[in-house]
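Listed here are the chains, written in short residue letters.
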Amino acid sequence: MKLLISPTLALLFQHVIGASGTETSRQFVPGNCTVLKTDTTFPTLAQWQSALPGVLPRKVNWLGTARPDYRYIPKSASDVEKAVQFVTKHNLRISIINTGHDYQGRNDASSGLSLDVSQLRGVTVTSNFIPTSEGAKSPVPGQPVALVSNLHAPGKQSAATFGVGVVGSELNRALKASKLFAVSGGAATVSVAGGWGQSGGHSFVSHLYGIGVDQFLEFKVVTADGKLKVANSKTNPDLFWALRGGGGGAWGVVTEATVKVYPSPPTVLYLVAINSSTATLNSYLNRTDGKDAAGLYDAIAYLGSQFPSMVDKGTGGIFLTTPYGFMGGSIFVGENATEAYAKSIWEPVLNKMKTFPGMDRWVASISVYPMYQDFFTTMWPGVGKTTGGSGTGESLTNATTGVSARYGNLFKLFVDKGMVRERDLREHLSFIPTERQSKRSPQAPSDWTPYTTTGDYSPPNAHGKFPMDNILLDRKHLEGLPSAPFQVKRAFASRHIIEIVSGPATHAKGNDTSVVPAWRKAYISCYSPYYPPYASADTLRGYAPDAGAYVNEAYYGAKNWKNAFWGTNYPKLSEIKSKWDVNNTFWVTPGVNADHMEVRDGRVCQALPGSAEKLNGIVPTSDNPNGIDLMANLRDFMGLGVPYRGQ
Ligand SMILES: Cc1cc2nc3c(=O)[nH]c(=O)nc-3n(C[C@H](O)[C@H](O)[C@H](O)COP(=O)(O)OP(=O)(O)OC[C@H]3O[C@@H](n4cnc5c(N)ncnc54)[C@H](O)[C@@H]3O)c2cc1C
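Please read all numbers here as calculations on a predicted model, not as lab measurements. Per chain, residue numbering runs from 1 following the sequence as it is written. Only residues with pLDDT of at least 70 get local features here, since the model is predicted, and only at 80 or more are side-chain atom pairs given and counted; chain-wide, interface and lining totals rely on the full set of residues. Computation of side-chain values covers all heavy atoms of the structure but excludes hydrogens and water.

What about the state of the cysteines?
Stated formally: What counts as a disulfide here is a pair of cysteine sulfur atoms lying within 2.5 Å. Numbering of helices and strands runs from the N terminus, with a helix taken as a DSSP run of H or I at least four residues long and a strand as a DSSP run of E at least two residues long. The rule is simple: take the accessible area with a 1.4 Å probe, protein chains only, and divide by the maximum for that residue type; under 20% is buried, over 50% is exposed, in between is partly exposed.
Tallied over the full model, the rule gives one disulfide. Two residues share a disulfide in this structure: Cys33 and Cys605, whose sulfurs sit 2.1 Å from each other. On the sign convention where negative is left-handed, the bridge of Cys33 and Cys605, at about 110° about the S-S bond, is right-handed. A residue pair is termed long-range when its members are at least 10 positions apart, and Cys33 in the loop between α1 (7-20) and α2 (45-51) and Cys605 in strand β20 (residues 603-606) qualify at 572 residues. Cys605 shares its class with Cys33; the two are buried.

What follows is the structure, encoded as structure tokens:
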């Protein structure tokens, strides 16, 4: 977004336009707002096509939703440069989409250009990454990863460089022949160097290898001046720091990244479930005083208090609290990947949980995998097999926020192993918004013309905003749970997903990235959809007011967002953003300096004086109006008898 006039002059200009009182005066767009298709200065189709060959105009509005006007699929960094130069020249809105997973809807906008980076691909491996001003040698898309010798030599950094469209499972499949792995989302479908890696990034093993932001050695990024930059510890270190935690979409268009790779360790998956025989769905839905589930709440609070020491001993995993109990998969890797070790950690805790009122039995089962990838591809068998495809189509068209999309086969394994009947599993998990919801998503895959440009390209689809909510809990919070008030234990034990997202390795990394410092103390992320009073992390926030949150899985209307998502790193991030993107070309909300802009008449404009203060600490509203009717989904699934919004 190019500022053609100073903010003061812009205000005056708007005043003059307003005074004229005619609709046509809106055709003259003040320099501090993005240009819309209805404006005379909006580029013609011929201009779009000449600047960005192959650009796709959007078909007519689908279901009346507001979407970008054009989509462009760059095949190279130089294509990205052209796209950024075009939008800044014409003062257009730009949104970057990679896999389309974003809960906050930051991958989409109501006008301008949708830049689909999913086709920037290719993977290479080196045994000795050294940061230089030219950056790592770029991978050639479609070429198999060459086997490299001397990996993990002392004093040398083994690394993988890959195009930003590469998702977690695809990267790991490419590394498998070298017996390497890279840390990627627990969900194999999220892009490694897109929103996941730029905003935090948790995985099954982040407690042992660090979170996403800890993996990066270098980014290549097209900044707001339309030029490709290298960002590593030696070159543009401030940008490099900002890209490691400052949030996806805010710093430029990342085209390529280099991450650390590790020898792929043996892995054990310990599936565990424990049930209460007294807890009821009514308690789970907050329709009763919850006393019938008190034993369950106490048991899960006890488990929470044990997590810090269990994680310090190598335990990882992801779990669900269901109406009737607790279930999930715990991961052990390396020398801890044995049945005996997993049992020695879990059995004493499960036996103690069984002693709380109403808790009747627990079941567990072990699976052993020779390498981490074997575990990962069991979870995600169908994703990222090809090097040419986006690798995300399958799961994304089925679901973006459902259980299968988040956890792959994890919960199906319970059924396969005879630990739980499929019908019961569905009932246990039904509170989580699932596939049905994405069918309600406002966009059709045929939104762009033509829909398919290559045989196997499955375009990432934005699914609109989803009301997610989370809190990062540390040792003090977790160990205090058994003596916390009943309502806190209830909140911890119901309607929440609990993931071990951090631990010894993440804590040891210090504060050398821009992610909210809460990650450096946290052990778990506890989250649910944001739909108070039925579901939210509000009660836990009251219990742990000093806790931070993971921006990618937070509510898009969160309060106190700068502090919750970036904490003490925010002021420095704000300065860096002002240096590299003074006009907020790359505007995302929530995002650094999001409140420097605001949406007026569908345009993204420089915020008027006083607008930021009026927000009162609430995330500025996006121009992406598309979203998911969570309540309709819950009603369908559970017959909750709760009112729709506004009823
Ligand atoms: C089913 C599901 C499972 C998930 N599992 C995990 C998980 O295991 N761990 C975890 O930490 N998080 C997880 N998340 C959250 C996930 O990290 C975020 O949704 C994240 O934003 C996805 O990034 P993306 O690039 O893949 O998606 P997109 O929606 O395409 O992009 C997300 C954001 O990053 C920006 N962005 C993407 N690519 C680029 C680029 N090349 N340059 C600049 N900006 C870019 C976009 O503009 C947007 O703002 C999950 C989400 C879903 C829906």
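Looking at the packing of aromatic side chains
The test is simple: Side-chain rings of Phe, Tyr and Trp (the six-membered ring for Trp) are treated as a pair once their centres are within 6.5 Å; stacked means planes under 30 degrees apart, edge-to-face means over 60, and tilted covers the remaining angles. A positively charged side chain is recorded as over a ring if its NZ (Lys) or CZ (Arg) lies within 6 Å of the ring centre. The angle to the ring normal must also be within 35 degrees.
All told, the structure shown has 29 aromatic pairs when counted by the stated rule. For the pair Trp566 and Tyr570, a centre-to-centre distance of 6.2 Å together with 50° between the ring planes defines the contact as tilted. Judged by its relative accessible area of 0%, Trp566 falls in the buried class. Classification of Tyr570 by relative accessible area gives buried; the value is 9%. A network of ring pairs unites the aromatic residues Phe181, Phe204, Tyr209, Tyr262, Tyr369, Tyr372, Phe375 and Phe376 as a single cluster. Over the ring of Phe240 we find Arg244; its NZ or CZ atom is 3.8 Å from the centre of that ring.

Let's talk about the sheet that holds strand β2 (residues 70-72)
Inclusion rule: Whether two strands pair comes down to DSSP finding at least two bridges between them. Any two residues having at least one pair of non-hydrogen atoms within 4.5 Å are treated as being in contact. Axis definition: a line fitted to C-alpha atoms, limited for helices to the stretch in contact. Angles are taken between N-to-C directions and run from 0 to 180 degrees.
The four strands are arranged β1-β2-β4-β3 in an open sheet whose pairing can be described as mixed. Both outer strands of the open sheet, β1 (56-57) and β3 (94-97), are each paired with one neighbouring strand and no more. Packed onto the sheet, helix α3 (residues 77-90) meets β2, β3 and β4 (113-116) and runs at close to 165° relative to β4.

Focus on α3
Convention followed: Expected helix span is given by 1.5 Å per residue-to-residue step, counting one fewer step than there are residues.
End to end, α3 covers 20 Å across 14 residues, agreeing with the expected 20 Å (1.5 Å per residue, within 8%). Next to the buried residues of α3 lie α2, β2, β3, β4, β8 (216-222) and β10 (253-260). Two residues or fewer past α3, Asn91 is found with a positive phi of approximately 60°.

Some details on the layout of surface pockets
Applicable threshold: Of the two site types, the cavity is a set of points on a 1 Å grid over the protein atoms alone where a 1.4 Å probe fits but cannot get out, and the pocket is an open set with protein on both sides within 12 Å along at least five of seven lines, each lined by residues with an atom within 4 Å of a point. Grid points are joined across faces, edges and corners, and a volume is the space filled by probe spheres set on the points. Gly is placed with the polar residues, together with every amino acid not listed as nonpolar (Ala, Val, Leu, Ile, Met, Phe, Trp, Tyr, Cys and Pro) or charged (Asp, Glu, Lys and Arg).
Roughly 450 Å³ of volume is contained in the second largest pocket. Lining of the second largest pocket is provided by 28 residues; of these, Arg541, Ala547, Lys559, Asn560 and Ala564 occupy positions nearest its centre. Broken down by secondary-structure element, the contributors of at least two residues to the lining of the second largest pocket are β16 (468-474), α20 (538-543) and α21 (561-566). Residues that form the lining of the second largest pocket fall into these classes: 15 nonpolar, seven polar and six charged.

Section: the side chain of Asp214
Inspection of the secondary structure puts Asp214 in the loop between α6 (206-209) and β8. Excluding residues within four positions of it along the chain, Asp214 makes contact with Lys260, Thr506, Lys509, Thr513 and Arg520.

Concerning the packing of helix α9 (residues 294-312) against helix α18 (residues 486-493)
Each pair of packed helices can be summarised by the angle the axes make with each other and by the distance between the axes. Selection criterion: Angles are sorted into four bins: roughly parallel if under 35 degrees, roughly antiparallel if over 145, roughly perpendicular if 65 to 115, and oblique for all others.
Orientation of α9 relative to α18, taken along the N-to-C sense of each, is 75°, at an axis distance of 8 Å. Our classification of the angle between α9 and α18 gives roughly perpendicular. Where α9 approaches α18, its residues Ala294, Tyr297, Asp298, Ile300, Ala301 and Gly304 are matched on the opposing element by Phe486, Lys489, Arg490, Phe492 and Ala493. Residue classes in the contact of α9 with α18 are distributed as seven nonpolar, one polar and three charged.

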